Amino acid sequence: MSTRFAATFTKPHPALVAFITAGDGDTAANLDALVAGGADVIELGMPFTDPMADGPAIQQANLRSLAKGTSTADIFGQAAAFRQRHPDTPLVLMGYANPMTIRGGDWFAGECAKAGVDGVICVDVPAEEDPELGPALRAAGVDLIRLATPTTDTARLPAVLDGAGGFLYYVSVAGITGQQQAAQASIDKAVARLKAATDLPVAVGFGVRTPDQAAAIARVADGVVVGSAFIDIIAEHGDAAAPHVEAFTRSLADAIRGAKEIAA
Amino acid sequence: MTETTTLPNSFRTGPDERGHFGQFGGRYVAETLMPLILDLERHYRAAQADPAFKAEFDHLLKHYVGRPSPLWFAERLTEHLGGAKIYLKREDLNHTGAHKINNCIGQILLAKRMGKTKIIAETGAGQHGVATATVAALFGLPCTIFMGAVDVARQQPNVFRMKLLGAEVVAVESGAKTLKDAMNEALRHWVANVHDTFYIIGTVAGPHPYPELVRDFQSVIGDEAREQILEAEGRLPDMLIAPVGGGSNAIGLFHPFLDDADVEIVGVEAAGEGLEGKHAASLAGGKPGILHGNKTYLLQDEDGQITEAHSISAGLDYPGIGPEHSWLHDIGRVRYEPVTDAEALASFQKLTKLEGIIPALESAHAIAAAERIAPTLGKDKLIIVNCSGRGDKDIITVADALGVKL
């Protein structure tokens, strides 16, 4: 695990993991707002023409970004600049296989390392296709963050965990981003099952939109992932979204920190 | 790419146990779908080993689809071109008017075996949607068809057909609102409904085992053609020609002949307005990448963003191609040639006038390639062209292109 992840997940409170799409709105300002508001880990989405696992909000963010001409080079530029401004906040690139592998896994892993990216989430490279990215990322010292879902059964879990790093991302609903939320009881049960199988921190996402939901998840998990709710704010406020992003981040961060104190 | 390819002893043994044809194919899906994909593969292996499954498949193909489809000697077209003898494999005569139904029968039998109670599919021109809605009606299962909003508008007769058959048609508004986006939306729906829903993919693409099982269900085309040409001519053909979008009709014809070294095989890609302009020729104009669950040749930019395809034939209007075709292309067993909208349009009319057969615009691409190649071969040579579908669905598009007001 990167030292930034290690430091983050030893904080006294669970981590707020915040997702925004690169190139949608004023990315640098929004990233700064996330950090200022208390986000512990940043997921920067790489836009793709065909975001098959995403709901309408993030689909639109992808298209807005691509329509503005966002390139892979731009995204690494934003990542490197973020690392200059925020030396301690873990940064994760999240996206789809084709933009990540088009120049080869080694190229991508090398660029990640150069830009100071700590981890990568690739939606459509499951454990079975690990050779596509996994070896290159591990060799470059970049954590490959794997996804576990409600359909990941106990027999399959070891394969998912093999080669995984950073944290384990539990996708709490079988579905796409930004839609329905999972029942809290099912999340509690799943997190307990996952934590019994791995020492990696477990972060929970998909359908988490409010401070209350985030707090409920924070009582059992090591991290809470929020994405589409940020994207909605950026869609509404465009290039002037940063203050709104910061305020919403703070409301989530406060709820998550409060939750753990109650639990303790 | 840089990988060296060793020619195998047989071209018919793929994919490997991980679903790869050389570097192509694979299972590039979200984790939520992965357990289901593995389950589908287990059920398919069991079905392959079960004589009752094959018996039911064969029964439905014979009595419901109307197989075997004829192998027609196109005598007037042959005389007109003055070269090789041209035979047409008449998939246009199948129930629902194209080869698509062969695969739908196979997959709905698998859905039944797996205990799935809902069917979904994507469609471009609507042919696969109609075939899926047809088998869903036959088996009494509710069915949802995802279709790009642009395609819904330009294929109204097929949309109405699907609705008559009891299917719900969802007009997909994302992206360019065509086949690629319909497939994205079908995958999104599937991910949220994996517990009870079977996705009938319409071509030899998507995550393993789809390219394999669709090929196997479509191989009835080549198996029959082989028997029929032996009966008619007493020998194997010198050449096979078929149109390739995703490539299911083509692989169905080609696969049983892949190990016959003397049979030359030609796949025809849609060159649209020409390879310099808008087209759908993934092999001629694309490079390997990952989309919709598999690695294959794709139309894309240097950052791996997928670019829009174009073909006058909605069934070929897709920026990718089945992974087995990508492999056959790379190892050189199959030669792929481009045919433009204009050439296909001319052949559409020519076949109609000379043989009294209105071919699908997809099939017209293969006819155009045959027109190009046949005159260069001796009269003793034999070509089988896959007439993959009938062209009734295309008459509005053709009238438009010819400037005729209906």
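Residues numbered from 1 in each chain as written. Chains lettered and ligands numbered in written order. Predicted model: local features only at pLDDT ≥ 70, side-chain atom pairs only at ≥ 80, totals over all residues. Heavy atoms only, no water.

### A short note on the packing of aromatic side chains
Here is step 1 of the chain: The tally for this structure, following the rule as stated, stands at 16 aromatic pairs over all chains.
Here is step 2 of the chain: Aromatic side chains A:Phe76 and A:Trp107 sit 6.0 Å apart centroid to centroid with 80 degrees between the ring planes, which places their arrangement in the edge-to-face category. Of this pair, A:Phe76 sits in helix H4 (residues 72-85) while A:Trp107 sits in helix H6 (residues 105-115), placing them 31 residues apart in sequence.
Here is step 3 of the chain: Given the relative accessible area of 31%, A:Trp107 is considered partly exposed.
Here is step 4 of the chain: Both rings, one in B:Phe53 and one in B:Phe217, keep their centres 6.3 Å apart while their planes meet at 40 degrees; by these two values the pair is tilted. Here B:Phe53, found in helix H2 (residues 51-65), pairs with B:Phe217, found in helix H9 (residues 210-218); they are 164 residues apart in sequence, far enough to count as distant.
Here is step 5 of the chain: Exposure remark for B:Phe217: the relative accessible area of 3% places this residue in the buried category.
Here is step 6 of the chain: Through a chain of ring-to-ring contacts, three or more aromatic side chains come together here, namely B:Tyr44, B:Phe53, B:Phe57 and B:Phe217.
Here is step 7 of the chain: The lysine or arginine in question, A:Arg103, covers the ring of A:Trp107, its NZ or CZ lying 4.9 Å from the ring centre. (Phe/Tyr/Trp six-rings, centres within 6.5 Å; stacked < 30°, edge-to-face > 60°. Helix = DSSP H or I, 4+ residues; strand = E, 2+ residues; numbered from the N terminus. Buried < 20%, exposed > 50% of the residue type's maximum accessible area, 1.4 Å probe, protein only. Lys NZ or Arg CZ within 6 Å of the ring centre and 35° of its normal.)

### Description of the interface of chain B and chain A
Here is step 1 of the chain: The partner chain A presents 36 residues to the 37 residues of chain B that form the contact.
Here is step 2 of the chain: At the boundary of chain B with chain A, total buried surface from both sides reaches about 2,800 Å², with 50% on carbon and sulfur atoms.
Here is step 3 of the chain: Of all residues in chain B, B:Glu31, B:Arg188 and B:Asp303 give up the largest surface area on contact with chain A, accounting jointly for 25% of the area buried on that side.
Here is step 4 of the chain: At the junction of chain B and chain A, the tally comes to 5 salt bridges.
Here is step 5 of the chain: In this structure, B:Arg18 engages A:Glu129 in a salt bridge whose closest nitrogen and oxygen atoms are separated by 3.5 Å.
Here is step 6 of the chain: Taken together, the connections running from chain B to chain A amount to 23 residue pairs in polar contact (both at pLDDT 80 or more).
Here is step 7 of the chain: Of all the secondary-structure elements, those providing two or more residues to the side of chain B that touches chain A are strand E2 (24-28), helix H1 (34-48), helix H8 (179-192), strand E11 (287-291) and strand E12 (293-298) of chain B.
Here is step 8 of the chain: Here the side of chain B that touches chain A gets 8 residues from one element, more than from any other, and that element is H8(B).
Here is step 9 of the chain: Looking at side-chain class alone, the side of chain B that touches chain A contains 15 nonpolar, 11 polar and 11 charged residues. (Contact = heavy atoms within 4.5 Å. Buried area = accessible area lost by both parts, 1.4 Å probe. Salt bridge = Lys/Arg side-chain N within 4 Å of Asp/Glu carboxyl O. Polar contact = N/O pair within 3.5 Å; in protein donor to acceptor, adjacent residues only side chain to side chain. Nonpolar A, V, L, I, M, F, W, Y, C, P; charged D, E, K, R; others polar.)

### Describing the nonpolar core
Here is step 1 of the chain: Core analysis: the biggest nonpolar cluster contains 187 residues, and A:Phe108, A:Phe167 and A:Tyr169 have the highest contact counts within it.
Here is step 2 of the chain: Here this core gets 8 residues from one element, more than from any other, and that element is helix H12 (residues 242-263) of chain A.
Here is step 3 of the chain: The residues touching A:Phe108, leaving out its near neighbours within four places in the chain, are A:Met46, A:Phe76, A:Leu93, A:Met100, A:Val120, A:Leu133 and A:Leu137.
Here is step 4 of the chain: B:Met239, B:Ile241, B:Leu351 and B:Ala369 belong to the second largest nonpolar core, which has 31 residues in total. (Core = buried A, V, L, I, M, F, W, Y, C linked by side-chain atoms within 4.5 Å.)

Structural measurements only, silent on function.
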